[in-house]
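Descriptive analysis of the structure
In case you want the letters, here they are:
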8 protein chains.
Amino acid sequence: MGGIARYDVGRGHRTGAPEVILAEGKSTDHLLTLVRGLARRGHGALISRPTASQRRALEAAAGRGLPVQPLADGRLYRLSGPISGGPRRGRVALLTAGTADIPVAEEAAGVLESAGVEVLRGFDVGVAGIHRLQRMLRTVEGRRPSVYLVFAGREGALPTVVAGLVRAPVVGVPTSVGYGRGGQGAAALGAMLQSCAPLAVVNIDAAVPAALFALQLLAASGPRAPRPSRPRGSAFS
Amino acid sequence: MGGIARYDVGRGHRTGAPEVILAEGKSTDHLLTLVRGLARRGHGALISRPTASQRRALEAAAGRGLPVQPLADGRLYRLSGPISGGPRRGRVALLTAGTADIPVAEEAAGVLESAGVEVLRGFDVGVAGIHRLQRMLRTVEGRRPSVYLVFAGREGALPTVVAGLVRAPVVGVPTSVGYGRGGQGAAALGAMLQSCAPLAVVNIDAAVPAALFALQLLAASGPRAPRPSRPRGSAFS
Amino acid sequence: MGGIARYDVGRGHRTGAPEVILAEGKSTDHLLTLVRGLARRGHGALISRPTASQRRALEAAAGRGLPVQPLADGRLYRLSGPISGGPRRGRVALLTAGTADIPVAEEAAGVLESAGVEVLRGFDVGVAGIHRLQRMLRTVEGRRPSVYLVFAGREGALPTVVAGLVRAPVVGVPTSVGYGRGGQGAAALGAMLQSCAPLAVVNIDAAVPAALFALQLLAASGPRAPRPSRPRGSAFS
Amino acid sequence: MGGIARYDVGRGHRTGAPEVILAEGKSTDHLLTLVRGLARRGHGALISRPTASQRRALEAAAGRGLPVQPLADGRLYRLSGPISGGPRRGRVALLTAGTADIPVAEEAAGVLESAGVEVLRGFDVGVAGIHRLQRMLRTVEGRRPSVYLVFAGREGALPTVVAGLVRAPVVGVPTSVGYGRGGQGAAALGAMLQSCAPLAVVNIDAAVPAALFALQLLAASGPRAPRPSRPRGSAFS
Amino acid sequence: MGGIARYDVGRGHRTGAPEVILAEGKSTDHLLTLVRGLARRGHGALISRPTASQRRALEAAAGRGLPVQPLADGRLYRLSGPISGGPRRGRVALLTAGTADIPVAEEAAGVLESAGVEVLRGFDVGVAGIHRLQRMLRTVEGRRPSVYLVFAGREGALPTVVAGLVRAPVVGVPTSVGYGRGGQGAAALGAMLQSCAPLAVVNIDAAVPAALFALQLLAASGPRAPRPSRPRGSAFS
Amino acid sequence: MGGIARYDVGRGHRTGAPEVILAEGKSTDHLLTLVRGLARRGHGALISRPTASQRRALEAAAGRGLPVQPLADGRLYRLSGPISGGPRRGRVALLTAGTADIPVAEEAAGVLESAGVEVLRGFDVGVAGIHRLQRMLRTVEGRRPSVYLVFAGREGALPTVVAGLVRAPVVGVPTSVGYGRGGQGAAALGAMLQSCAPLAVVNIDAAVPAALFALQLLAASGPRAPRPSRPRGSAFS
Amino acid sequence: MGGIARYDVGRGHRTGAPEVILAEGKSTDHLLTLVRGLARRGHGALISRPTASQRRALEAAAGRGLPVQPLADGRLYRLSGPISGGPRRGRVALLTAGTADIPVAEEAAGVLESAGVEVLRGFDVGVAGIHRLQRMLRTVEGRRPSVYLVFAGREGALPTVVAGLVRAPVVGVPTSVGYGRGGQGAAALGAMLQSCAPLAVVNIDAAVPAALFALQLLAASGPRAPRPSRPRGSAFS
Amino acid sequence: MGGIARYDVGRGHRTGAPEVILAEGKSTDHLLTLVRGLARRGHGALISRPTASQRRALEAAAGRGLPVQPLADGRLYRLSGPISGGPRRGRVALLTAGTADIPVAEEAAGVLESAGVEVLRGFDVGVAGIHRLQRMLRTVEGRRPSVYLVFAGREGALPTVVAGLVRAPVVGVPTSVGYGRGGQGAAALGAMLQSCAPLAVVNIDAAVPAALFALQLLAASGPRAPRPSRPRGSAFS
């Protein structure tokens, strides 16, 4: 019962999801211990939402040889090495309502591209200018994405409008954009949960969960991989 | 200091707004006393949001000669007689996102039409079917409304989309439609307050305040009436 | 600009989703007008969340020949006739944490089975008895569902535990079960949005949106239908 | 599908609103890219709510020739060049309940004056000293403003009192003033939404949306411009 | 440790407050047991907020000789017999913003008049018609009340305006009047807590606590009674 | 995968807790199916929070021979037969702040007494009369309860005061008593979570969870029973 | 209509309250302008809740001759000169539940002592140690305060307990003490509003409003001053 | 009535709880005065949640001889000397769902180990990898802890799952981990309050109250100490 973390080497096998470490909230020491442990075992991983001081520590560790590098303008780090599930087929469309949503969308793009998925970007296509959106969607639909991740803050209407126009499933990702009541993504989350179109939703700024969900959806839509072998000592398999 | 209500005969003169009595929350006795008092003085008025038992009492009083009659399927009653401000010029467009918003919109229509304003109705034009909306707006814009009142529950996106497409000012009216978190109009109100388009907003189901605001806007956009005479004993005029 | 509803015959074509009418919130007259209109055109549809009085009206209309019949113990009605998208391939697993979640899950089952999808039921497998869950999942995983819809009220932990054990994407559906603070599904929704596993979420009791999302996911994972033709006469400009 | 923003050159034409870029929430790089792009095209614009570091970047860019200059004590920047809609006729009255509301009101004044509108200022006229307010309103009403924007934090009562005394429409703008429960504008927003006078409301500190709404109202009250031509190449279908 | 309630005969002596039993929330059996016990001991009391079925039970018990009678239109009952503190000197002014607030104010009046206090009523003097309020206050101030209890729902502005005009302390009583967001008194409570005038506040509809507070204030402002003797046999240690 | 519920016969063994079925939220059919299934197997159980119609159904079933009988004035039903864990030693003190909290406390008493635990009742000892509380506690402490369950609505201060005076652990149970803001137990829950004394807390009205927690605490404080045998097919044992 | 603030010289006369300027939220420039304006006119005032930078500016201005000096450890500043209402008679008791509440209480003490009122301090007497409180109150009651201001964060129970033990009116002042849910004074405010004793309440940390309310209460309880003369140009007198 | 704090030397005797000073919220001066006063009397104590500047002050005072030293990485300080209750028997299990919860758990460990209790640590065993948890619990259960304190942020499911698997009572401690809606522990707290297993709960990050509750539980489960003698000179009456 020592140590700070128990590596769940079975989970990737069970669920096919890449390992992602949420940095925010962890002490920097704990974070580095986790990452170094994975590196020693030769595992790859993604590190999401590092704080400013965690980023400095990761950069310093990289300077001392830890194979980590920033993605998405530093909102995400990649630890080199294989990640679970292997490369996926399929395309994922990422749309944003505004310019302020782009960094969140790029965080999802970092996860998806790390897993070998092609990303279609359509940024700054909010509902106050509906013609731009329609032009954009015509182009994106032509590329036949398997799923749309639609990022919006403020009033969060874009995923609803998109879901009324396309065939693929749409996941709404509210972003922490907007001030006053309902700001910081609260109104956007509420609007997506109330959508009159069939959306699924993730939490505010939850780009990584949205991307992992998209990866599972891609896995589900392709030919199924052989069933994972029995985890050691598990009741389940 | 007796009696239950002090008639503010000056307010209609000062603000040009018709007298509207909010029935909900008042005891039925107090409501009837108020209405009868106005009737005795020869004033007209509107009575909004009567409860079921208040409606029964109004109907009974009507049977005994009180000159009230239902509008908007009974969500509003009209006490005969002149109401402040006189007939207005101009048109007001009322749009609803769904069928469930129609009774709220009709409440606004009752107020506007009682004041002699022409109402343009465009119902059930929600954002999940953006093409219907665009066709509708093309027709409505041709009639040049001075203001749009746009009613929406659920995710409340319609006023934002409309405000990106039309020239006249848009007032969003959230309606108590939708279930679960953000239901009963809460998400719609939040979304309208967070709109990336320049909306003004009223409270959930506040059809009457929205209509009164529209009347003032029509008054402001037409030639100004002569300034009201000085209320008795007032510092203001 | 008359009438109460604009039939969006293009939307089913565009998105492949069956027509579902949310009854709750609409006046019974408006609801029947909508359903009769679709029946006259030979469209099929689903009617969700009818109130008690709307159910009585639907039953009465059925007695007079309207081809509607209850599903899911009356939480859903089916208007006979073709619905958009045609039969789907694939299986959807519906799991519930408790007995009280079953009626919500059956609402989703009604939508899915109306669209020809096979439903795998695993009910009353909450996390306070983790062994039951593991036995159940072993069986369900053997049938290779394309997506799990996991229904839970109270603390809403089941979707998180399931998503740590299976490969297919998991959509959490909070149910309005539980009393006190966080009751009526609020805590369950919060927990699902905060999940440390990659869930997507819908609103409280939003069985129908979850089922429609699953249908789109099934469509995305199968061979794509040809792109819909241009809606007639569309576009504002 | 590259780039970070799609210029919606049609929107100004469609709605008659000047282009305003909300700086807050955007990365400084994205903000400067947007502003420089408009400058290259010869468009004017307003930039609202810049953060401290964005202001430093704008000042630095101004030093290198970008034609931007601060308004309203730096809460707003003006990019030189024509803005949509052209000069308006009419006057807008800006009232504040307290001294702390003045910076928010000046943000609205910056937008209005940039559009050529005359602004009538009546600051620090809160309801705890009702006589000051009445004296002030007597003066302002004499100038016949087309609309009042009334700014108040704390208990937010001023717009209600004003709307009971004037003829022009009143828009309430809650400000983020006040501490404890209901502080930061929450109580003020709630009070304005609950007003017993016919107010329309915008979000907390939403000076720019209020000003844009006022501009549309002025446009609506003047002679209508010819209808905008069809946006180029628009429409999805 | 039997029985359902421990009579705190010392409290009235200690604090000088009359005994008031909050009926709401108690089982009807428990309520009647409490009231009968006081009656047997010859104590008087007030019974506040009885539910409909509790009122029927009280009326039935009155028919069988229990000396209770309704006040304030049945929102309050008086059990005959002496109540603590004896008759007070002084006057209390009760103002209401609207007609719907009157029943709540009358509940306070019932408590005050039961304690022998003179009540000055000024009803329906809301802030949207500020002139009526000023006329009313001129009259009331002439009677020199020791404290104002000011009742208001909706935006709850009246206590703030009154506190800016009078010398006596003002206690705001929000009432459960108003619909939509901030309705049922929530906005009124928020506004009173945020008041820019020095108000004290009680909970929504808390007419009885407000009246009891006023009684203590009257006691504090008159000559002090001799200090209560030591409660019998008290204290844990 | 048929049926509506999976009996977790292992859980009682694992945790030593009696089976309690939360009736509220379940359909009456599902509830009766569950109870009859347990009865057929010879298991005893408790049924908590039945609705009025569920109570009627249970009474009818009892009339047809199902061995269920009401406890705690019908807020709880007991299905005859052995319940897990067997009789416990020890005493539990139940204190309530007011008379309105008694029905909730009796629900806990029903669970505890069903498990053979002695209950010490001290009702109506709220903090506004601190002397009564001190007298009561002197008596109760003399009986040496192993744990206090302290029930309070309104301001919820009683558990804090008790925890400053006694040696045994104190569990606060907020009750849904009180009106206005913070009513229905919300303020009481907040106060208990913020207590400056070391309380543990359960949800509003959660008498049954509190009682089950007390049972586990009694089990923990007595000699430990032999460890449960391995559940079938489980990874855990 | 220039300038930033309209001095309401009549209000002090009307209400007998000293002038207090809320610094927080005002720009430092506006604050200094206000204070200097009062100084020029020879008015005294209090300045509450200055921010760190406002305090530096006040200290600097004091160094240049502005007659301001800090009270209550800098949470309050006093501008020399007469303040409205003149010296009061009477005593006010200030009690705090904990040490962390003392700075807030001292803010109230600063206002009261500036107005010549005697302050009785009883600090750190929270309800978890009820005996300390009882000893303290015995002493304080012997001094016969006219009103108690009782400061408490966390669970906010102290005002309720005090109000059950003393004769004078009790005003609860929640303080922003406590972490987690209900922290920062929210639970304390809720508990005070729900108190089963007759409290009046002010907002979180609202020491100044509480003190001003106490001053009015003292004025009401002493011999009434002659009625203020008619404010210039006012409708009221 | 001078001084800032009244030492309640009786409380430790009454309740058996060690003295813990909550540093957060107190001024650093007040904190040091309290600690030095205890040191002078030879009392030991714990100091919880010091801010950064309070930690610097404590370290400086330690350098000048105050016998304080940090525990739990500085989230807790120990003042040397005896603390109430003496050493306890028994073991407490501390489990955390993630790495980010460890610092909160170590705060509880510091309190428990200061009181001589053995702590069993099982960290990073969240519900998304249920197999790890089951392995861990098998080991921990073998050591027979008297109570589990289970720390979890995010969706807060771990205490529920644990309580379904172990015999000892489980106290859930939500931690301020997680972003977006329900972040900072809000969802975890809600989920624990809604748990379908019999949990007791403390506030977010309330490691110290949880540890103190566990100490009382250990005391209750061992042989009872003789009842404390009457506090000296206590009681108000």
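These numbers come from a predicted model, not from an experiment.

Here we come to the packing of helix 5 (residues 130-142) of chain C against helix 5 (residues 130-142) of chain H. Packed helix pairs are specified by the crossing angle of their axes together with the interaxial distance, meaning the distance between the axes. Where helix 5 of chain C meets helix 5 of chain H, the closest approach of the two axes is 12 Å, and the angle between their N-to-C directions is 140°. With respect to helix 5 of chain H, the element helix 5 of chain C is oriented oblique. Here helix 5 of chain C runs over helix 5 of chain H; the crossing is left-handed. Residue-level contacts link Ile 130, His 131 and Gln 134 of chain C of helix 5 of chain C to Ile 130, His 131 and Gln 134 of chain H of helix 5 of chain H. In the contact of helix 5 of chain C with helix 5 of chain H, the residues fall into 2 nonpolar, 4 polar and no charged.

Turning next to the pairing of strand 2 (residues 45-48) of chain C. The side chains of a regular strand alternate between both faces of the sheet. Residues and elements named next belong to chain C. Side chains Ala 45 and Ile 47 of strand 2 all project onto a buried face; the interleaved residues Leu 46 and Ser 48 project onto the opposite face, where all are buried too. At this point the chain moves from strand 1 (residues 20-22), through helix 2 (residues 28-41), to the parallel strand 2, and the crossover so formed is right-handed. Of the strand pairs in this sheet, strand 2 and strand 4 (residues 76-79) are connected by 4 bridges, and their pairing is antiparallel. Across the sheet, Ala 45 pairs through a bridge with Leu 79, a residue of strand 4.

Here we take up helix 2 (residues 28-40) of chain H. If you check helix 2 of chain H, its first and last C-alpha atoms are 18 Å apart, about what 13 residues at 1.5 Å a residue would give, namely 18 Å. Every buried residue of helix 2 of chain H is accounted for by His 30, Leu 31, Leu 32, Leu 34, Val 35, Gly 37 and Leu 38 of chain H. Those residues of helix 2 of chain H hidden inside the fold are in contact with helix 4 (102-114) of chain G together with strand 1 (20-22), strand 2 (45-48), helix 3 (52-63), strand 3 (68-71) and strand 4 (76-79) of chain H.

Here the focus is the sheet that holds strand 4 of chain H. Residue and element names in this part refer to chain H. Spatial ordering of the open sheet is given by 1-2-4-3, a layout of 4 strands whose pairing is mixed. Bordering the open sheet on either side are strand 1 and strand 3, each of which pairs with just one other strand. With direction set aside, neighbouring strand axes in the sheet form an average angle of 25°. With respect to the sheet, helix 2 is in contact with strand 1, strand 2, strand 3 and strand 4, its orientation differing from that of strand 1 by roughly 170°.

What follows is about the pattern of salt bridges. Across all of its chains, the model carries 56 salt bridges over all chains by this definition. Residues Glu 113 of chain E and Arg 121 of chain E are paired through a salt bridge, measuring 3.2 Å at the closest nitrogen-oxygen approach. With a relative accessible area of 40%, Glu 113 of chain E lands in the partly exposed category. A relative accessible area of 22% places Arg 121 of chain E in the partly exposed class. Ionic pairing is found between Glu 118 of chain E and Arg 143 of chain E, a salt bridge with its closest N-O pair at 2.7 Å. Of this pair, Glu 118 of chain E sits in strand 6 (residues 118-122) while Arg 143 of chain E sits in the loop between helix 5 (130-142) and strand 7 (147-152), and the two are 25 residues apart along the sequence. A relative accessible area of 34% means that Arg 143 of chain E is categorised as partly exposed. Several salt bridges share partner residues, and in doing so they unite Arg 91, Glu 118 and Arg 143 of chain A into one network.

About the cut-offs
- Residues numbered from 1 in each chain as written.
- Chains lettered and ligands numbered in written order.
- Predicted model: local features only at pLDDT ≥ 70, side-chain atom pairs only at ≥ 80, totals over all residues.
- Heavy atoms only, no water.
- Axes fitted to C-alpha atoms, helices over the stretch in contact; angles between N-to-C directions.
- Helix = DSSP H or I, 4+ residues; strand = E, 2+ residues; numbered from the N terminus.
- Parallel < 35°, antiparallel > 145°, perpendicular 65-115°, else oblique.
- Left-handed = near helix turned anticlockwise from the far one by under 90°.
- Contact = heavy atoms within 4.5 Å.
- Nonpolar A, V, L, I, M, F, W, Y, C, P; charged D, E, K, R; others polar.
- Buried < 20%, exposed > 50% of the residue type's maximum accessible area, 1.4 Å probe, protein only.
- Right-handed = clockwise from strand over helix to strand, strands pointing away.
- Pairing = 2+ DSSP bridges.
- Expected span 1.5 Å × (residues − 1).
- Salt bridge = Lys/Arg side-chain N within 4 Å of Asp/Glu carboxyl O.

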